[in-house]
Protein chains: 2
Amino acid sequence: MATIRDVAKKAGVSVTTVSRALNGYSDVNEKTREKIKMIAQELNYSPSLLARSLVMKKTKTIGLLVSGLRIEGSKDNFTFEVLCGVNDCAGELGYELVLISTDSKKQQEKTYNQLCKERKVEGVILQGIKTDDPYLDEVLKSDIPCILIDIPIESDSVGYVTTDNKGGAQTAVQHLSDLGHKHIGMINGHSQAFVSRERLAGYQAALKKNDIPFNKDYVINGAFLEETAEVETTKLLKQHPEITALFCASDLMAMGAMRAAKKMGKTLPNDLSVVGYDNIILSAYSTPSLTTIAQSRYKLGFEATTLLTNMLEGKAEEKNKVLQTTFIKRESSTENHG
Amino acid sequence: MATIRDVAKKAGVSVTTVSRALNGYSDVNEKTREKIKMIAQELNYSPSLLARSLVMKKTKTIGLLVSGLRIEGSKDNFTFEVLCGVNDCAGELGYELVLISTDSKKQQEKTYNQLCKERKVEGVILQGIKTDDPYLDEVLKSDIPCILIDIPIESDSVGYVTTDNKGGAQTAVQHLSDLGHKHIGMINGHSQAFVSRERLAGYQAALKKNDIPFNKDYVINGAFLEETAEVETTKLLKQHPEITALFCASDLMAMGAMRAAKKMGKTLPNDLSVVGYDNIILSAYSTPSLTTIAQSRYKLGFEATTLLTNMLEGKAEEKNKVLQTTFIKRESSTENHG
DNA sequence: TTGAAAGCGCTAACAC
DNA sequence: GTGTTAGCGCTTTCAA
């Protein structure tokens, strides 16, 4: 591995000059610069980002900290699409990206701060964390700039990006109401998710607006899991056969819910209208295809990175961003025939 | 940020001792070690991996170099699942993971060697690269240890991991033949993919074994894209209405092929049997669900990492691994009714 | 069992 | 314009 010294020696100049030449400083003779560039190329030299970071105390690196990076994630692709967004934005802005994944086991070994300081990431984007995760406290106490995805908390060093979950949910339920449904159930995620609370609020708001009384027995948790949603939906529909429509807090749970309904002998969407949330790939391919609220995970990642780098570079802008959702009508919702 | 010096000062010892104490060397008084550990914790000290790597000339970091990390990848999840496998294995073995993504634009700016040397990755896993990509030459010339995914090339510093593509394809086509199909088309990927060549070989082998003549007009390329496959399938089926079965080199293309058939008024699987390759999530949810050859992208990533770290640690083992596939029967294939 | 000193590859004051 | 020097935070000889 050629170092800066090798280049300097061969060019007959000092390492300083090489450094300056290669980094585009103006106070260096153009001829010298050319020569140095030539030699650098000859020697196949590339500067060590390590050494540079050490002396500059800047790594130009951000970390994407994912809690629970698991293969199951491929069903909704949340993490992957966020990653794409982060990667694209970071790339554009010249930041390196390191992927930090943790799970409860790892978290016992290393604190959030350790994880970040070790690798000298300048800032962090946090995805997939529950509101009762101990890391969240650490994040808020830490002075490492951080953007939370889908957790609307803000502090000096912490911002967030999320979508208009309440609005999205409201749109979904309004749609069902517009179709004439009066008995609308909800399959929510879990209480440790902000988005679940918001989506529930949206559900309630829509009911209220349409003078439909809120019945708490109509709302169950599916843990954002397809299987759990299937099981819970079966229970719900058995207990409340008057339900003709379901709003699910995720498309994946909607898949489970639809399967449950089918297994009970219901015909979709005639016997049961279902609206999901997310617009995952599957939702366009299922039978019936799923009416849903689309949110762009990619944008979530991209905007998170924009916010984070703004923070890092001291640009005094907003530290949070709320993205809008889009309603997508497909086959799984239809007029109330009940 | 507390440094090793801060700890040393507070503990009243030299930095050398702190280093030794914290890194578990035996030649340090246990009492001193305890004291140092205490103080380190107090100061919230975590050693700078940067500085350590610089002096040790070891980063314990591997890079996952992905060519074309794009949101479209969420349809087949190839990259994501490989990433999960790499991440899990790297985590187990104590390696850091950096994600390096390139595209043709970036490649003009930086060579493969630059990309890797800059970040001081000790080894690389390469995914998503075509056989005519200029990076591939560089990889083979470079002395940076590298594992290629799905490109069976080996050299001193290069190994690979792939699946038994020929065998998988053969199984798929044998299945169609067993169902009585005589006119079996193939939607292949593109010629710049080794897997395409292998799968074609498997297709031909199965035909031969069953005394079905090979007709090159029956094989078309769908570029591994759903839309292209749809367009090309339409042409193929119009030109050769005698075809009753299709083997597709990817599930995604199988989706396109099925859509094409449906649009032509065919009933699936009665008018046309389709077998895919990959076992992506979608294949279980489509209508009809897709018979396919399953390959584990996760294992691909995991095994790649195992091979790579073995190389890095000088363990003289095989530098390649071929994983087996699994045949998965679903609804899209049935007996020849033609 | 501990410490002093050198050095990893680089950048940045400060001279000249 | 260019070189000298110091130092980023750490590990590792070599002495003591």
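Residues numbered from 1 in each chain as written. Chains lettered and ligands numbered in written order. Predicted model: local features only at pLDDT ≥ 70, side-chain atom pairs only at ≥ 80, totals over all residues. Heavy atoms only, no water.

### Some thoughts on the sheet that holds strand β12 (residues 326-328) of chain B
All names here are of chain B. The strand order β7-β6-β8-β9-β10-β12 describes an open sheet built from 6 strands, whose pairing is mixed. Edge positions in the sheet fall to β7 (219-221) and β12, since each has one partner strand and no second. Strand-to-strand twist across the sheet, computed as the mean angle between neighbouring axes with direction ignored, equals 20 degrees. Pairing of strand β6 (residues 184-188) with strand β8 (residues 245-248), which is carried by 4 bridges, proceeds in the parallel orientation. When the bridges of β8 are listed, Met186 appears paired with Phe247. Contacts from helix α10 (residues 194-209) reach β6, β7, β8 and β9 (273-278), with the element oriented near 170 degrees to β6. Where helix α11 (residues 226-239) meets the sheet, its contacts fall on β6, β7 and β8, and the angle it forms with β7 comes to roughly 150 degrees. (Pairing = 2+ DSSP bridges. Helix = DSSP H or I, 4+ residues; strand = E, 2+ residues; numbered from the N terminus. Axes fitted to C-alpha atoms, helices over the stretch in contact; angles between N-to-C directions. Contact = heavy atoms within 4.5 Å.)

### Concerning the protein's contact with DNA strand C
As a structural note, the neighbourhood of DNA strand C is formed by 28 residues, with Ile4 and Tyr45 of chain A together with Thr17, Thr32 and Lys57 of chain B the closest of them. Looking at DNA strand C alone, sugar and phosphate atoms form 67% of those within 4 Å of the protein. Take Ala51 of chain A: an N or O atom from its main chain is 3.4 Å from a base nitrogen of DNA strand C. Elements with a minimum of two residues in the surface near DNA strand C: α1 (4-11), α2 (15-22) and α4 (49-56) of chain A together with α2 (15-22) and α4 (49-56) of chain B. (Near = heavy atom within 4 Å. Polar contact = N/O pair within 3.5 Å; in protein donor to acceptor, adjacent residues only side chain to side chain.)

### Regarding the pairing of strand β10 (residues 291-294) of chain A
Residues and elements named next belong to chain A. A two-sided burial pattern is seen for β10, the buried positions comprising Thr291 and Ile293 on one face and Thr292 and Ala294 on the other. Of the pairings in the sheet, the one linking β10 to strand β12 (residues 326-328) comprises 3 bridges and is antiparallel in character. Directly across from Thr292, in β12, lies its bridge partner Ile328. (Buried < 20%, exposed > 50% of the residue type's maximum accessible area, 1.4 Å probe, protein only.)

### Observations regarding helix α3 (residues 30-42) of chain B
Residues and elements named next belong to chain B. With 13 residues, α3 should reach 18 Å at 1.5 Å per residue; the first-to-last C-alpha distance of 18 Å fits that figure. Taken together, the buried positions of α3 are occupied by Arg33, Ile36, Ile39 and Ala40. Buried residues along α3 cover an arc of 135 degrees about the axis, so they all sit on one side. Turned more than 90 degrees off the buried face of α3, the exposed positions are Lys31, Met38 and Gln41. Residues of α3 that are buried sit in contact with α1 (4-11) and α2. By the N-cap criterion, in which a side-chain oxygen at the helix start approaches the backbone nitrogen of a residue two or three places on, α3 is capped by Asn29, the distance to Lys31 being 2.7 Å. Looking one or two residues beyond α3, the residue adopting positive phi is Asn44, at roughly 60 degrees. (Expected span 1.5 Å × (residues − 1). Arc of directions from axis to C-beta.)

### Details of the state of the cysteines
For the structure shown, the criterion picks out 0 disulfides over all chains. Distance from the sulfur of Cys84 of chain A, which forms no disulfide, to the nearest cysteine sulfur (Cys84 of chain B) is 13 Å. Relative accessible area serves as the criterion here: at 1%, Cys84 of chain A is assigned to the buried category. Cys89 of chain A forms no disulfide, and the closest cysteine sulfur to it belongs to Cys84 of chain A, at a distance of 13 Å. What makes Cys89 of chain A buried here is its relative accessible area of 2%. (Disulfide = S-S within 2.5 Å.)

### Considering the protein's contact with DNA strand D
Around DNA strand D lies a shell of 27 residues, among which Thr16, Thr17 and Lys57 of chain A together with Ile4 and Tyr45 of chain B are the nearest. The contact atoms of DNA strand D, taken as those within 4 Å of the protein, divide so that sugar and phosphate hold 65%. Residue Thr17 of chain A places a side-chain N or O atom 2.6 Å away from a phosphate oxygen belonging to DNA strand D. Between DNA strand D and the protein, one listed contact pairs a phosphate oxygen with a side-chain N or O atom of Arg52 of chain B at 2.8 Å. Breaking the surface near DNA strand D down by element, the ones donating at least two residues are α2 and α4 of chain A together with α1, α2 and α4 of chain B. With 4 residues, the single largest contributor to the surface near DNA strand D is α4 of chain B. Along the lines of polarity and charge, the residues of the surface near DNA strand D split into 11 nonpolar, 11 polar and 5 charged. (Nonpolar A, V, L, I, M, F, W, Y, C, P; charged D, E, K, R; others polar.)

### A word on the UniProt feature "domain: HTH lacI-type" (unreviewed entry) in chain A
This chain's UniProt record puts "domain: HTH lacI-type" (unreviewed entry) on residues 2-56 of chain A. Along residues 2-56 of chain A the backbone is 67% helical and 0% strand, and the end-to-end C-alpha distance reaches 21 Å. (UniProt positions renumbered as here; feature names shortened; annotations may be inferred.)

### Describing the sheet that holds strand β8 (residues 245-248) of chain A
Residue and element names in this part refer to chain A. Spatial ordering of the open sheet is given by β7-β6-β8-β9-β10-β12, a layout of 6 strands whose pairing is mixed. The sheet is open, and its two borders are formed by β7 (219-221) and β12, each paired with just one other strand. Each neighbouring strand pair of the sheet contributes to a mean axis angle of 20 degrees, computed without reference to strand direction. Relative to strand β9 (residues 273-278), helix α9 (residues 165-178) is tilted by about 165 degrees, and along the sheet it contacts β6 (184-188), β8, β9, β10 and β12. Across the sheet, helix α11 (residues 226-239) lies against β6, β7 and β8, angled at about 150 degrees from β7, the strand it touches most.

### A short note on the relation of the copies chain B and chain A
Of the transformation placing chain B onto chain A, the axial shift is 0.0 Å and the rotation is 180 degrees, giving an RMSD of 0.0 Å. Look at the turn and shift together and you get a two-fold axis relating the two. For chain B, the residue whose C-alpha comes nearest the rotation axis is Val98 of chain B, separated from it by 2.4 Å. An overlap of 100% is found between the interface residues of chain B and their copies at the interface of chain A, pointing to a shared contact surface. (Least-squares fit on C-alpha atoms with pLDDT ≥ 70 in both.)

### Comments concerning the interface of chain B and chain A
Chain B puts 46 residues into the contact, and the matching count from chain A is 46 residues. Taken together, the two surfaces of chain B and chain A that pack against each other cover about 4300 Å², and 65% of this comes from carbon and sulfur. Area buried by chain B at its contact with chain A is led by Leu50, Phe80 and Tyr285 of chain B, which between them contribute 18% of it. Counting every contact that joins chain B to chain A gives 2 salt bridges. The closest approach of N and O atoms between Glu96 of chain B and Arg119 of chain A, which form a salt bridge, is 2.6 Å. (Buried area = accessible area lost by both parts, 1.4 Å probe. Salt bridge = Lys/Arg side-chain N within 4 Å of Asp/Glu carboxyl O.)

### Description of the environment of Lys120 of chain A
The residue Lys120 of chain A is located in the loop between α7 (112-119) and β3 (123-127) in this model. A relative accessible area of 24% places Lys120 of chain A in the partly exposed class. Not counting chain neighbours up to four residues away, the residues in contact with Lys120 of chain A comprise Thr59 of chain A together with Met1, Ser48 and Leu50 of chain B.

### What to know about empty space enclosed by the protein
Summed over the entire model, instances satisfying the criterion amount to 2 cavities of 30 Å³ or more. Looking at the largest cavity, its volume works out to about 60 Å³. Looking at the largest cavity, the residues that line it are Ser74, Lys75, Asn77, Ile281 and Leu282 of chain A together with Ser74, Lys75, Asn77, Ile281 and Leu282 of chain B. Of all elements in the fold, only α13 (281-285) of chain A together with α13 (281-285) of chain B reach the threshold of two or more residues within the lining of the largest cavity. When the residues that make up the lining of the largest cavity are grouped by side-chain class, the tally is 4 nonpolar, 4 polar and 2 charged. Every residue lining the second largest cavity is listed: Leu65, Val66, Ser67, Thr102, Gln107, Leu126, Gln127, Ile129, Asp133 and Tyr135 of chain A. (1 Å grid on protein atoms, 1.4 Å probe; cavity = no way out; pocket = protein on both sides within 12 Å on 5 of 7 lines; lining within 4 Å. Points joined across faces, edges and corners; volume = space filled by probe spheres on them.)

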